[in-house]
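If you want the building blocks of each chain, they are given just below.
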Amino acid sequence: MHGRDQAVNVELLDSTPGATAPTAAAPTAHKIPLGPESPWRTLLAVPIATSLAFGLHLLVSQHELPLETRYYSIFLASFFGASLLAAVVQPWWAGLRAWLRDMAPILAATVALLAVWETITSGLRLLPMPYFPSPAAVLLNLIDDRAVVFDSTWHSLILLAGGYALGVFTGLVTGVCIGWFKHARYWGMPVLKVVGPIPATAWIPLAMVVSPNATLSAIGLIALAVWFPVTMLTASGISNTRASYLDVARTLGASRAFLIFRVAIPAAMPNVFIGLFMGLGASFLTLVVAETVGVKSGLGWYVQWAQGWAEYGKVYAALIVMAAFFSTIMTLLFKVRDRVLVWQKGMIKW
């Protein structure tokens, strides 16, 4: 009973403001170590995975072309050196240390996946050629066609930027009008319900007839693919603006323009960004399909050209460039969203 009474007294002291519990009875808090260095098992995961991949590459290199072996060996050696240097430098570079903590497992898994890919294709020959080339062959094609790939990526960027900007502008204008004005909603919603669900790629035959310029046709198709989700989500955000916000602004003498641009649109920004992300995904698909019809340059055109010549190494190289190209654009849009909607960080998880 004496021990129980002492435990109760300690709890009462802990719950009383300003009270200090006896040192012997105070519980020891478990603290997470926050040292300046990341765990070495995490930092060395990438160099170890790269070493294993390089060893497997040496075993299967007799089945590959000399240039393939040379370029892929240089790639693995460079990756190994960069990962080892990053592990050594990270104690004095906080940003690099945080990045390695997050990305080291993913990078190690990627290198391991490359090793498995090379073992299955060049080593065991389990997949038919030329449809499934080794990563060394893909790297060689990427280096050999770097000028064409760069030109295609540049043209794709022009088409994507032009179509996406046009689609976002028209989508924001029509979305604000439909969401705010009753007459615009009455006439605009039927158009959205009829035209919007039709995939933009289904308009390719009509676009080729209406506009003889393939570039303008591609930009128009991309804009159409972006316009629908941006319009729908913007109109939904505008129409669902809290009535209390509008009432307070009207009480303070706000004009219609102030209500639209300073109250409704900022309140609808979360919905607007959802529409922007949906439109960006639709623009990627439309871009690749539109470039296969009439356009003489672009990543979609390059994939179709390489597939026609059964150069599947070039096809995989283009797919890798597409992944890097599209993910970079998506990341930039995330950065813009984080900057514009910084006020939401205390209310929702990112």
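Cut-off values and rules
- Residues numbered from 1 in each chain as written.
- Predicted model: local features only at pLDDT ≥ 70, side-chain atom pairs only at ≥ 80, totals over all residues.
- Heavy atoms only, no water.
- Helix = DSSP H or I, 4+ residues; strand = E, 2+ residues; numbered from the N terminus.
- Buried < 20%, exposed > 50% of the residue type's maximum accessible area, 1.4 Å probe, protein only.
- Contact = heavy atoms within 4.5 Å.
- Areas by Shrake-Rupley, 256 points an atom, 1.4 Å probe, with all protein chains shown as cover.
- Patch = residues over 30% accessible without salt bridge, like charges linked within 9 Å, V, L, I, M, F, W, Y side chains within 5 Å.
- Salt bridge = Lys/Arg side-chain N within 4 Å of Asp/Glu carboxyl O.
- Expected span 1.5 Å × (residues − 1).
- Core = buried A, V, L, I, M, F, W, Y, C linked by side-chain atoms within 4.5 Å.
- pLDDT = per-residue confidence, 0-100.
- Axes fitted to C-alpha atoms, helices over the stretch in contact; angles between N-to-C directions.
- Left-handed = near helix turned anticlockwise from the far one by under 90°.
- Nonpolar A, V, L, I, M, F, W, Y, C, P; charged D, E, K, R; others polar.
- Phe/Tyr/Trp six-rings, centres within 6.5 Å; stacked < 30°, edge-to-face > 60°.
- Parallel < 35°, antiparallel > 145°, perpendicular 65-115°, else oblique.

Caption draft 1: Representation of the overall build of the chain. Counting its secondary structure elements, the chain contains 14 helices and 0 strands. Overall, the chain shows an N-to-C arrangement of helices and strands of α-α-α-α-α-α-α-α-α-α-α-α-α-α. The burial tally for the chain puts 37% of its 350 residues in the buried class. When contacts within the chain are restricted to residue pairs at least 6 apart in sequence, long-range pairs at least 24 apart make up 72% of them. When the accessible area of the chain is evaluated, it comes to approximately 20,900 Å², of which 71% is carbon and sulfur surface.

Caption draft 2: How the structure looks around a nonpolar patch on the surface. Taken together, the side chains of Trp40, Leu44, Ile48, Leu52 and Leu84 make up a nonpolar region of the molecular surface, amounting to roughly 470 Å² of accessible area. Within the secondary structure, Leu84 is located in helix α4 (residues 66-89). Using a relative accessible area of 35% as the deciding quantity, one classes Leu84 as partly exposed.

Caption draft 3: The pattern of salt bridges, seen in detail. Under the defined criterion, the tally for this structure stands at 3 salt bridges. Here Lys314 makes a salt bridge to Asp145, at a shortest N to O gap of 2.9 Å. One end of the pair, Lys314, is in helix α14 (residues 312-340); the other, Asp145, is in the loop between α6 (135-144) and α7 (146-180), with 169 residues separating them in the sequence. According to the relative accessible area criterion, Lys314 is buried, its value standing at 11%. Across the pair Arg337 and Asp338 runs a salt bridge whose closest N-O atoms are separated by 3.1 Å. When its relative accessible area of 19% is taken as the criterion, Arg337 is described as buried. What makes Asp338 partly exposed here is its relative accessible area of 25%.

Caption draft 4: A look at α4. For α4, built from 24 residues, the straight-helix expectation of 34 Å at 1.5 Å per residue is met to within 8% by its first-to-last C-alpha distance of 34 Å. The secondary structure elements touched by the buried residues of α4 are α2 (40-43), α3 (45-60), α5 (94-123) and α6.

Caption draft 5: Quick peek at the side chain of Thr69. Secondary-structure assignment places Thr69 in helix α4. Excluding its chain neighbours within four sequence positions, the residues that come into contact with Thr69 are His57, Ser61 and Glu64.

Caption draft 6: Region of the structure containing the nonpolar core. Membership of the largest hydrophobic core comes to 47 residues, with the highest contact counts inside it found for Leu159, Tyr164, Trp180, Leu276 and Leu333. Counting only elements with at least two residues in this core, the list comes to α7, α9 (204-210), α10 (214-239), α11 (243-251), α12 (256-291), α13 (299-308) and α14. For this core, the leading source of residues is α12, giving 14 residues. The residues contacting Tyr164, other than those within four sequence positions of it, are Ile222, Val226, Leu276, Gly279, Leu280, Ser283 and Leu333. Within the second largest apolar cluster, 12 residues are counted, among which are Tyr72, Leu76, Ala108 and Leu114.

Caption draft 7: Focus on the confidence of the model for the chain. This prediction gives the chain a mean pLDDT of 84; 87% of its residues lie at or above 70. By mean pLDDT, helix α1 (residues 2-15) is the weakest element of the chain at 41, and α7 is the strongest at 94. Scored below 50 in pLDDT, residues 1-37 shows 17 contacts in the model against residues more than four places distant or in partner chains.

Caption draft 8: A look at the packing of α7 against α14. Across the interface, α7 lies against α14 with an axial gap of 11 Å and an inter-helix angle of 35°. The two elements α7 and α14 cross, and the hand of that crossing is right-handed. Taking contact as the criterion, the partners of Val149, Thr153, Ser156, Leu157, Leu160 and Tyr164 in α7 are, on α14, Val321, Phe325, Ile329 and Leu333. Tallied by class, the residues present in the contact of α7 with α14 amount to 8 nonpolar, 2 polar and no charged.

Caption draft 9: Structural context of the packing of aromatic side chains. Across all of its chains, the model carries 10 aromatic pairs by this definition. One aromatic cluster is present, built from ring pairs that chain together Tyr72, Phe75 and Phe79.

Caption draft 10: Up close: the packing of α13 against α14. One way to put it is that α13 packs onto α14 with a least axis distance of 8 Å and a crossing angle of 165°. With respect to α14, the element α13 is oriented roughly antiparallel. In this structure, α13 crosses over α14, and the sense of that crossing is left-handed. Along its contact with α13, which presents Leu299, Gly300, Tyr302, Val303, Trp305, Ala306 and Gln307, the element α14 presents Tyr312, Lys314, Val315, Ala318, Val321, Met322 and Phe325. By residue class, the composition of the contact of α13 with α14 is 11 nonpolar, 2 polar and 1 charged.

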